[in-house]
Amino acid sequence: DEQIERERASQHLAGGCCALAAIYLMGKFYVANAGDSRAIIIRNGEIIPMSREFTPETERQRLQFLALLRPELLGKEFTHLEFPRRIQPKELGKKMLYRDQNMNGWAYKKIEEDDLKFPLIFGEGKKARMMATIGVTRGLGDHDLKVFSSNIHIKPFLSCFPEVRVYDLTQYEHCPDDVLVLGTDGLWDVTNDQEVAAVVMEVLTSYEPNDPCRYTMVAQELVVRSRGVLKERGWRLANDKLGSGDDISVFVIPLGGPGNYT
């Protein structure tokens, strides 16, 4: 992240990205995630999460706590409190549900003038945004990102530090159908864990266990199914829902060799 900041002037590069990395070391897989990509292990048909997405919703309390400590980062335009919906001026003095950095549940508070500011976190699910700008809260770069038509920087709220999960391969017997799947949010936006596992098993069973191309074909099939087919109303999935409009990158890594197959 610091290197990107140093090079942005010399290379004239802007923007940022999420990062998902896996390293195999001494019998263990270390999976590090900073962003909204996702990794899962599929072992004997069981799904084992190896990461979690970092979004304004999942990191709400961290973001609110930082805003409480450093209110100047909000630029007098945002409030660190969260409300179920945008508050209208006519609701001053009334009570409304809210939550702050210490709360998992909701409580009531009397609406004050300061509460009329736009909330730091607004929206739900994939539509959730921080400062009405960005839907992911960890990653690399984005040093110049600002709130639209303002001088408020987003970067102080973005973390480049990943969450690392460890999987010990020596604790289990793995067959060639056991895999680690790494995918960008373009995959997971339209395809859930169970659907990915179903595609993995469907494609793998159509190839011999010692055929090395079977894992590439799984990755290709996951990309194709998540993109969908181009129709008059845009890219559509098999169920006619919208396909992914984001970039889709998928890696499928075998955990067991042909010699382990029974």
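Fair warning: this is a prediction, and the values are worked out from it, not measured in the lab. (Residues numbered from 1 in each chain as written. Predicted model: local features only at pLDDT ≥ 70, side-chain atom pairs only at ≥ 80, totals over all residues. Heavy atoms only, no water.)

(A) Spotlight on the domain arrangement of the protein. The domains assigned to the protein are domain 1 (1-52 + 162-254) and domain 2 (59-141). Here the C-alpha centroids of domain 1 and domain 2 sit 32 Å apart. Contacts between the two partners involve 13 residues from domain 1, matched on the other side by six residues from domain 2. Between domain 1 and domain 2, a total of about 800 Å² is buried, with carbon and sulfur atoms accounting for 58% of that surface. (Domains from an automatic or database assignment. Contact = heavy atoms within 4.5 Å. Buried area = accessible area lost by both parts, 1.4 Å probe.)

(B) View of the pairing of strand β3 (residues 28-34). Of all seven residues in β3, five are buried, a share of seventy percent or more. Counted along the chain from strand β2 (residues 19-25) to the antiparallel partner β3, the turn is two residues long, and its residue M26 has a positive phi close to 50°. Pairing between β3 and strand β13 (residues 163-168): six bridges, direction antiparallel. Bridge pairing links N33 to E163 in β13. (Buried < 20%, exposed > 50% of the residue type's maximum accessible area, 1.4 Å probe, protein only. Helix = DSSP H or I, 4+ residues; strand = E, 2+ residues; numbered from the N terminus. Pairing = 2+ DSSP bridges.)

(C) View of the nonpolar core. Judged by nonpolar contacts, the single largest core of 19 residues is most densely connected at V181, V196, L222 and V252. Looking at this core, the elements with two or more residues in it are β4 (38-43), β14 (179-183), α3 (185-188), α4 (193-204), α5 (214-227) and β17 (250-254). Top contributing element to this core by residue count: α4, with six residues. Ignoring anything within four residues of it in the chain, the contact list for V181 reads R38, A39, I40, I42, V196, V200, L222, V250, F251 and V252. (Core = buried A, V, L, I, M, F, W, Y, C linked by side-chain atoms within 4.5 Å.)

(D) Seen up close, the sheet that holds β13. Spatial strand order, β2-β3-β13: three strands in an open sheet with antiparallel pairing. Looking at strand neighbours, the two that pair on one side only are β2 and β13, the edges of this open sheet. Strand-to-strand, the axes of this sheet are offset by a mean angle of 15°, without reference to chain direction. (Axes fitted to C-alpha atoms, helices over the stretch in contact; angles between N-to-C directions.)

(E) Spotlight on helix α2 (residues 60-69). Turning to α2, its buried residues are R60, L63, Q64, L66 and A67. Taken around the axis of α2, the buried residues stretch over an arc of 160°, which confines them to a single face. (Arc of directions from axis to C-beta.)

(F) Highlighting the environment of L145. When you line up the elements, L145 lands in the loop between β12 (140-141) and β13. For L145, a relative accessible area of 24% gives the class partly exposed. Residues L145 and I134, 11 residues apart in the sequence, show an inter-C-alpha distance of 9.3 Å. Excluding its chain neighbours within four sequence positions, the residues that come into contact with L145 are T133, I134, I152, H153, I154 and K155.

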